Structures are given as structure tokens and as C-alpha cells.
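Overview (structure and organization)
Here is how the chains run, residue by residue.
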Amino acid sequence: MNQPIETITSPSNPLIKSLKSLERKKGRSETGLFLAEGARLVEQGLEQGWQAETLVIATTMAERPHLAALARRAADAGARVVLAPERLMSKVTHKDNAQSVIASFRQQHRPLEALTKADDGIWIALYEVRDPGNLGTILRTADCAGASGVILLETCCDPYSFETVRASMGSIFDMPFVNTSFDVFNAWRKAQDLSLTAASVNGTVRHDKAPYGARSVIIMGNEQAGLPDAIEAQCDTLTLIPMRGGADSLNLAQATAIMTYEAWRQRDFA
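Residues numbered from 1 in each chain as written. Predicted model: local features only at pLDDT ≥ 70, side-chain atom pairs only at ≥ 80, totals over all residues. Heavy atoms only, no water.

Some details on a positive patch on the surface
Spelled out, the test is: Each patch is built from salt-bridge-free residues with over 30% relative accessible area, joining like charges within 9 Å and nonpolar side chains (Val, Leu, Ile, Met, Phe, Trp, Tyr) within 5 Å. Per-residue and other accessible areas follow the Shrake-Rupley method at a 1.4 Å probe size, with only the shown protein chains counted as cover for residues. A carboxyl oxygen of Asp or Glu within 4 Å of a side-chain nitrogen of Lys or Arg is what we treat as a salt bridge. Positive charges come from Lys and Arg alone, negative charges from Asp and Glu alone, with His and the N- and C-terminal ends not counted. Just so you know, the charge point we use is NZ for Lys, CZ for Arg, CG for Asp and CD for Glu. Numbering of helices and strands starts at the N terminus; helices are DSSP runs of H or I of at least 4 residues and strands are runs of E of at least 2. A simple rule labels every residue: compare its accessible area, found with a 1.4 Å probe on the protein chains alone, to the largest value its type can have, and call it buried under 20%, exposed over 50%, or partly exposed in between.
A cluster of basic residues, Lys17, Lys20, Arg24, Arg87 and Lys91, forms a positive patch at the surface. Looking at the positive patch, the elements with two or more residues in it are helix H1 (14–21) and helix H5 (86–93). Relative to the helices and strands, Lys91 is located in helix H5. Classification of Lys91 by relative accessible area gives partly exposed; the value is 37%.

A short note on the packing of aromatic side chains
The way to describe two aromatic rings as a pair is by their centre distance and the angle between their planes. Worth spelling out the cut-off: Aromatic rings from Phe, Tyr and Trp, with only the six-membered ring used for Trp, were paired whenever their centres fell within 6.5 Å, and each pair was classed as stacked if the ring planes differed by under 30 degrees, edge-to-face if by over 60, and tilted otherwise.
Within the structure shown, the criterion is met by 13 aromatic pairs. Summarising the aromatic geometry, the rings of Phe34 and Phe173 are spaced 6.0 Å apart at their centres and angled 35° between planes, so their arrangement reads as tilted. With Phe34 in strand E2 (residues 33–37) and Phe173 in helix H8 (residues 171–174), this pair connects stretches of sequence that are 139 residues apart. Phe34 gets classed as buried once you look at its relative accessible area, which sits at 0%. Measuring from ring centre to ring centre gives 5.6 Å for Tyr160 and Phe177, while their planes differ by 55°; the resulting arrangement is tilted. With Tyr160 in the loop between strand E7 (149–153) and helix H7 (162–168) and Phe177 in strand E8 (residues 177–180), this residue pair connects regions lying 17 residues apart in the sequence. For the pair Tyr160 and Phe177, one class covers both residues: buried. What links up through ring pairs into an aromatic cluster is the set Phe34, Trp50, Phe105, Tyr160, Phe173 and Phe177.

Quick word on the sheet that holds strand E5 (residues 101–106)
The criterion, for reference: The pairing criterion is simple: DSSP has to find at least two bridges between the two strands.
Spatial ordering of the open sheet is given by E1-E4-E3-E5-E2, a layout of five strands whose pairing is mixed. Each edge of the open sheet carries a strand with a single partner, namely strand E1 (6–7) and E2. Taken together, the five bridges between strand E3 (residues 52–58) and strand E4 (residues 80–84) define a ladder with parallel strand orientation. Looking at the pairing, Ile57 lines up with Leu83 of E4.

Focus: the environment of Pro242
So the rule is basically this: Contacts are residue-level and defined by heavy atoms, with any inter-residue pair within 4.5 Å sufficient.
Following the sequence through the fold, Pro242 ends up in the loop between strand E12 (237–240) and helix H11 (252–265). Residue classification places Pro242 among the partly exposed positions, given a relative accessible area of 48%. The sequence separation of Pro242 and Arg206 amounts to 36 residues, and the corresponding C-alpha distance is 7.0 Å. Look past the residues within four positions of Pro242 in its chain and what remains in contact with it is Arg206 and His207.

Some words on helix H6 (residues 132–144)
This is how it is decided: One fewer than the residue count of a helix, multiplied by 1.5 Å, yields its expected span. Polar contacts, as counted here, are pairs of nitrogen or oxygen atoms within 3.5 Å of one another; within protein the pair requires one atom able to donate a hydrogen and one able to accept it, and residues that are adjacent in sequence qualify only if both atoms are side-chain atoms.
Here H6 is 13 residues long and its end C-alpha atoms lie 18 Å apart, about the 18 Å a rise of 1.5 Å per residue gives. When H6 is considered as a whole, its buried residues turn out to be Asn134, Leu135, Gly136, Ile138, Leu139, Thr141 and Ala142. The N-cap of H6, judged by a side-chain oxygen 2.8 Å from the amide nitrogen of Gly133 a few residues on, is Asp131. Gly146 lies just past H6 and shows a positive phi near 70°.

Below is the structure:
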């Protein structure tokens, strides 16, 4: 480093305790912060304009040029930059082999209107998704497919949990998402003239034969219960993904990817 940077060595340091608290939803809610681990993820967050509050770098790695540059960039953006031994990094991340960079970022809470677009697009709506790994993977899938946004309906798992952020592989910073009620969402999507297509055990159209349309929302249900009948009744199309063999269902993230890529394929991957 070109200038002295604060070094923390004690697990009882208030900053370490504060970062550890972000593992729990209570800590994230009280502070409005969340954790990202790894230099690539942190750099991605900074590039997308997310506010980093704290950047922690493993003491033994601090002199590496790319990490020194990352520290300068974070400091220039207003973050507190500190060094810590790897044992403290592991306490924060609850992993024996923690990565050499950890950062806390300020959460963003967008209104539903932030996802409004005048042109064509694909939106993904998730009804009461419970598994953070599924949510992170779906954010990553939506990002890869160029979706216009992800809408979390009713009570979903926390998109800022460590598990979701990890599973998103950085797409947490790239893919806009909001949380709202189904009724508010449904009024919004009707006003935007968006078709609503669901994957359902009650589907009557094969997923690759469904008319997704130029402006469409794909809605996916809870991992165990699927979509309530009242919500399925609001859909324009109920689709069924073909399956054979012993398994009776697909993982939610897998099914969402199949639906999303089919909607995108129908647009010739434009």
C-alpha cells in the first residue's frame, strides 16, 4: 500500500462484530448492509455504483497490485479500508478458507416502477421463494438472459443473505430486483401490458409452445407449494415442462432457467 491502512487483529473489535452480525437477517435489517466476498464480486459492486461501507483485505495479500488498486478505489468511493488476518476473515464468513477480500455494501430498495420499460423485455416474478441458493441462481440466470428485472412477491427469502449473494456470482449487483405484493405487481404488469406465463403442474401448454409475447412476465411458485390457485387464475398461460424418469419435479432455479431461456429463444436471443 502507498499509505498506512488500519489493521485489526482482535475478534472483539467492534467492526468484526458488526460484520459478523450481517450473517443474520436482523443484523442486515438494522444496519441496511450486506456482505460480499471475493475481489471480483467487490469490484463488480463498485463498478455498478453500489456504496461500499467497509473493505477488509487479508493482511498477507494486501501488497498484491490488484488488491492494492481495489483498496484505493474503495477508499476513493468513501469506504473504510482495513487489513485483518485470515483467521478473522474466516470468523466473518464462517468459512475455514475465506477469500482475501470481504466488503459490506449498502442495500438498495427500489420501487416497482424502477423496472418499468417502454420496449420489449422479459421479467421474472417469484412467489414466496424460500431457498436463498435458488434465489441467487435465478438472479444469475436472469442476468445471463438479459432479463429486465426480478420481482419478489409477498414473503420471499432475503436477497441480501450471504447465501443468495454467493449464489448470484455477482448478479446481485447487475440484475435489478424489487419486493412487492402480488396485487400491486399484477396491477403494474397489466398497466404495462405484460403477459403472465407460469410453470405449473396444472399447465395445459408445453413450455416451448407457449406464446410468451414480446413483453412478458414469467411467474414461478414456491419450492414446495407452487402457485396458489388464485394467482394461477390471473395468468394468461399455464405451461408444463416435460419430465420423464423417476423424479417428479425440477429444482425451482432449473425450471426458471428453462422457462426464461425458452422465452428468450422465441426472440431469437435478441
